[in-house]
Amino acid sequence: MFRKILLLYNPCAGRRQVGRHLQEICETLEKAGFDVEIYETKARGDATLKLARDAAQYDRVVCAGGDGTLNEVISGVLESGHRLPVGYIPAGSTNDFAASLGLSCNIPQAARDVVEGNPISLDIGSFNGRTFVYTASFGAFTRASYAAPQSVKNVLGHMAYLIEGMKDVAHIRPLEMEFCADGENFGGEYIFGAISNSTSMGGVLKLDPSRVDLTDGKLELLLIKATSNLAQLVSVAAALRARNYEHEGIFFRSFRNLEILAKDTFPWTVDGEFEPAADKIHIENLHGAVDLIVPN
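Residues numbered from 1 in each chain as written. Predicted model: local features only at pLDDT ≥ 70, side-chain atom pairs only at ≥ 80, totals over all residues. Heavy atoms only, no water.

In the annotation of an unreviewed UniProt entry, the entry for the chain reads YegS/Rv2252/BmrU family lipid kinase, and the organism field reads Candidatus Pullichristensenella excrementigallinarum. Quoted verbatim from the Sequence similarities (unreviewed entry) field of the UniProt record, the comment on the chain reads "Belongs to the diacylglycerol/lipid kinase family." (UniProt positions renumbered as here; feature names shortened; annotations may be inferred.)

In structure tokens:
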């Protein structure tokens, strides 16, 4: 008996490479005994609506696209209430979450991994009720992920984010915030912050894999304290590259629940997409919320 699989792909992801491999992906899935239904997303949020409505019709869903598309797929699966295994064929510009899991960015190989691999239960984050798969961030350089035009991303790939991020250098400003992480209170002024369940963010910032576990029921909080001069900022950057989280300009913690009081107004980036400013933010770890297929 054939098992039904939904192949959901974003034709605009990365450098529009999924379309060139679509037939090969389908053949790989069919040879593994799946009855394949193809769904091409038409607009932002389309994948979430599709799966929230129809997830129970399938035995597995395969997402071919970038991290933003994966966010939509997982959000839709969670909204459906149906425990549906998710396969991921990374085809975006940075593929941060795929890097954290060691997923292949070679599309034919990633398709084979989807049918040969096994699901593991991964933690997911919740940002005021909005699902995020790998990161929610604020401050310096974070707007680059949603501000860079898709047409530029398609041509330049990851370089588009770097170019867009350079525009923010002159506008870096300290943001005053208060935190309560699992009962621990702290606060101050920060120029950057990220709550993540990933070892890679923006394709540039790499966290120590020994400090990050995508299945432990915790998220990681990384804060960069406000600096008074360029030399201090360079010192912090060097510490981040060396994964020295004891540096005086860095704050690093793992937590299950986080309350944030933002005294300044600023937007966030959630899995590479824009999130409006909020003065009160609740973030929690949804432990083992999704089954994602990884290579054996």
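**Q** Please explain the pattern of salt bridges as it appears in this structure.
**A** Oppositely charged side chains are able to pair whenever their charged atoms sit close together. Inspection of the entire model under this criterion finds 10 salt bridges. Of the charged contacts, one joins E37 and K4 as a salt bridge, the two residues approaching to 3.6 Å between their closest N and O atoms. Residue E37 is located in strand β2 (residues 34-40), and its partner K4 is located in strand β1 (residues 3-9); the two are separated by 33 residues in the primary sequence. On the accessibility criterion, E37 (23% relative accessible area) is partly exposed. Note that K50 and E37 form a salt bridge whose closest N and O atoms lie 3.5 Å from each other. Highlighted residues: K50 in helix α2 (residues 46-54) and E37 in strand β2, separated in sequence by 13 residues. For K50, a relative accessible area of 7% corresponds to the buried category. Through salt bridges that share partners, K4, E37, K50, R53 and D54 make up one connected network. (Salt bridge = Lys/Arg side-chain N within 4 Å of Asp/Glu carboxyl O. Helix = DSSP H or I, 4+ residues; strand = E, 2+ residues; numbered from the N terminus. Buried < 20%, exposed > 50% of the residue type's maximum accessible area, 1.4 Å probe, protein only.)

**Q** So what exactly am I meant to see when it comes to the nonpolar core here?
**A** Nonpolar side chains in soluble globular proteins generally cluster together in the buried interior. Of all hydrophobic cores here, the largest spans 44 residues; its most connected members are L51, L70, V73, F97 and L292. Counting residues in hydrophobic clusters, the runner-up holds 24 residues, among them F132, I195, L221 and F266. (Core = buried A, V, L, I, M, F, W, Y, C linked by side-chain atoms within 4.5 Å.)

**Q** Mind showing me how you'd approach the confidence of the model for the chain here?
**A** Atom-level detail of predicted coordinates should not be read off regions where pLDDT is low. With 87% of its residues at a pLDDT of 70 or more, the chain has an overall mean of 86. Low pLDDT, under 50, characterises residues 144-167; the stretch is placed with 48 contacts to residues that sit more than four places away or in other chains. (pLDDT = per-residue confidence, 0-100. Contact = heavy atoms within 4.5 Å.)

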